[in-house]
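Coordinate analysis (summary)
Each chain is listed here by its residues.
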Amino acid sequence: MLGTGSAFAKAFNNNNALLKANGRNLLVDCGITAPKALHELGYNFGEIDAVLLTHIHADHIGGMEEFAFQSKFVFGRKPILYIADTLIDTLWEHSLRGGLQQDPADTLSDYFDVRPLAADTTHELLPGLSVELMLTPHIPNKPSYSLLFNDTFFYSADMVFDPDLLHSLVHDRGVQALFHDCQLHPPGVVHASLPQLLTLPLPIQERTFLMHYGDDQPEFVGRTGAMRFVEQHRVYEWDGLTFA
Ligand SMILES: O=c1ccn([C@@H]2O[C@@H]3COP(=O)(O)O[C@H]3[C@H]2O)c(=O)[nH]1
Ligand SMILES: [Zn+2]
Ligand SMILES: [Zn+2]
């Protein structure tokens, strides 16, 4: 995990991940702190093969300008950008164009190999790694896509509490692990709050790991029921069924 912090956290980096599969590196979101977070772990953007974005908030896309410029002008390569088809126009027109547009680079495709993803369909991202984008509620009229990797690992985008979805993932679809954003202090409003997540039944809590938390997270250790915290800079080994 490059970072496990909320949008306003200062003790933690933005909630972004580096997912490795068969020697390839996929960034899961690329927020404001991602360039420095990668550096802290000994990586540079030249080693990132692809990025997958969940939604258009700066803690998830704020590092994309540097990623684009470094890829084009430092490393001379065009990484893959996996993104929901509904988010492409907003990402370019309303977030990145002001910085990246320069003659002759006038489109997102001048910087990235853009691969639009449709929701509710399984897509192969890297050898051995597939994803299904699930539109999950975050802010009205603002699409945000949670991620289901290899049918077994759910990684929430920012989303409000949706216990029916979590129940269905575990009991209908056999999901083994859920990384979920968590606002420690209620009300959640645009995220699931810890008190809400604590109402989940034990079999779901046991599979749930909390991320996207605020700076006072250490005060909540031991107060999360059967749920555990995702830890920044920790490497989670995942064999498709379990984490270690
Ligand atoms: O209607 C809104 C919109 C935004 N916000 C805050 O801004 C943050 C943006 O990033 P985030 O989605 O990780 O978290 C969001 C919240 O902390 C809010 O409280 N209410
Ligand atoms: Zn966020
Ligand atoms: Zn958000």
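Residues numbered from 1 in each chain as written. Chains lettered and ligands numbered in written order. Predicted model: local features only at pLDDT ≥ 70, side-chain atom pairs only at ≥ 80, totals over all residues. Heavy atoms only, no water.

Looking at an unreviewed UniProt entry, one finds the protein named MBL fold metallo-hydrolase, with Cohnella endophytica as its source organism. Its UniProt record, at the heading Cofactor (unreviewed entry), says of the protein: "Zn(2+)". On record in UniProt, under Function (unreviewed entry), the comment for the protein is "Counteracts the endogenous Pycsar antiviral defense system. Phosphodiesterase that enables metal-dependent hydrolysis of host cyclic nucleotide Pycsar defense signals such as cCMP and cUMP." (UniProt positions renumbered as here; feature names shortened; annotations may be inferred.)

Attention shifts here to the sheet that holds strand β4 (residues 80-84). Taken together, five strands build an open sheet; the order of strands is β1-β2-β3-β4-β5 and the sheet is mixed. Each edge of the sheet is formed by a strand with only one pairing partner; in this case those strands are β1 (17-21) and β5 (113-117). The mean angle between the axes of side-by-side strands here comes to 25°, regardless of whether they run parallel or antiparallel. For strand β3 (residues 50-52) and β4, the ladder comprises three bridges, and the chain directions are parallel. Bridged to Ala-50 within β4 is Ile-80. (Pairing = 2+ DSSP bridges. Helix = DSSP H or I, 4+ residues; strand = E, 2+ residues; numbered from the N terminus. Axes fitted to C-alpha atoms, helices over the stretch in contact; angles between N-to-C directions.)

Before going further, it helps to spend a moment on the domain arrangement of the protein. How big an interface is tends to be reported as the loss of accessible area on association of its parts. Annotation of the protein at the domain level lists domain 1 (1-118) and domain 2 (129-231). Centre-to-centre, using C-alpha coordinates, domain 1 lies 22 Å away from domain 2. Carbon and sulfur atoms supply 66% of the area buried between domain 1 and domain 2, which totals about 2000 Å² over both sides. When residues of domain 1 are sorted by the area they lose upon contact with domain 2, Thr-4, Phe-12 and Thr-54 head the list and together hold 23% of the total. At the junction of domain 1 with domain 2, the criterion picks out zero salt bridges. In this structure, the connection of domain 1 to domain 2 is made through 14 residue pairs in polar contact (both at pLDDT 80 or more). For the side of domain 1 that touches domain 2, the secondary structure elements donating two or more residues are β1, β2 (24-28) and α2 (58-61). Considering each element in turn, the side of domain 1 that touches domain 2 owes the most residues, three residues, to β1. (Domains from an automatic or database assignment. Buried area = accessible area lost by both parts, 1.4 Å probe. Salt bridge = Lys/Arg side-chain N within 4 Å of Asp/Glu carboxyl O. Polar contact = N/O pair within 3.5 Å; in protein donor to acceptor, adjacent residues only side chain to side chain.)

All right, on to the coordination of the zinc ion (ligand 3) then. Around the zinc ion (ligand 3), the protein supplies His-55 (NE2), His-57 (ND1), His-138 (NE2) and Asp-158 (OD) as donor atoms, at distances of 2.2 to 2.3 Å. The distance between the zinc ion (ligand 3) and the zinc ion (ligand 2) comes to 3.7 Å, and Asp-158 binds to both of them. Of this pair, His-55 sits in the loop between β3 and α2 while His-138 sits in the loop between β7 (129-135) and β8 (145-149), and the two are 83 residues apart along the sequence. Taken as a pair, His-55 and His-138 share a single burial class, namely buried. (Donors = N, O, S within 2.8 Å, 3.2 Å for Na, K, Ca; no water. Buried < 20%, exposed > 50% of the residue type's maximum accessible area, 1.4 Å probe, protein only.)

So, about the UniProt feature "domain: Metallo-beta-lactamase" (unreviewed entry) in the protein. Per the UniProt annotation, the sites labelled "domain: Metallo-beta-lactamase" (unreviewed entry) are residues 13-212. From the first C-alpha to the last, residues 13-212 spans 9 Å; its make-up is 26% helix and 26% strand.

Another point: the pairing of β7. Burial within β7 is extensive, with six of its seven residues counted as buried. From the end of strand β6 (residues 122-126) to the start of β7, which pair antiparallel, there are two residues, and Gly-128 there has a positive phi angle of about 85°. For β7 and β8, the ladder comprises five bridges, and the chain directions are antiparallel. Bridging across to β8, Glu-132 finds its partner in Leu-148.

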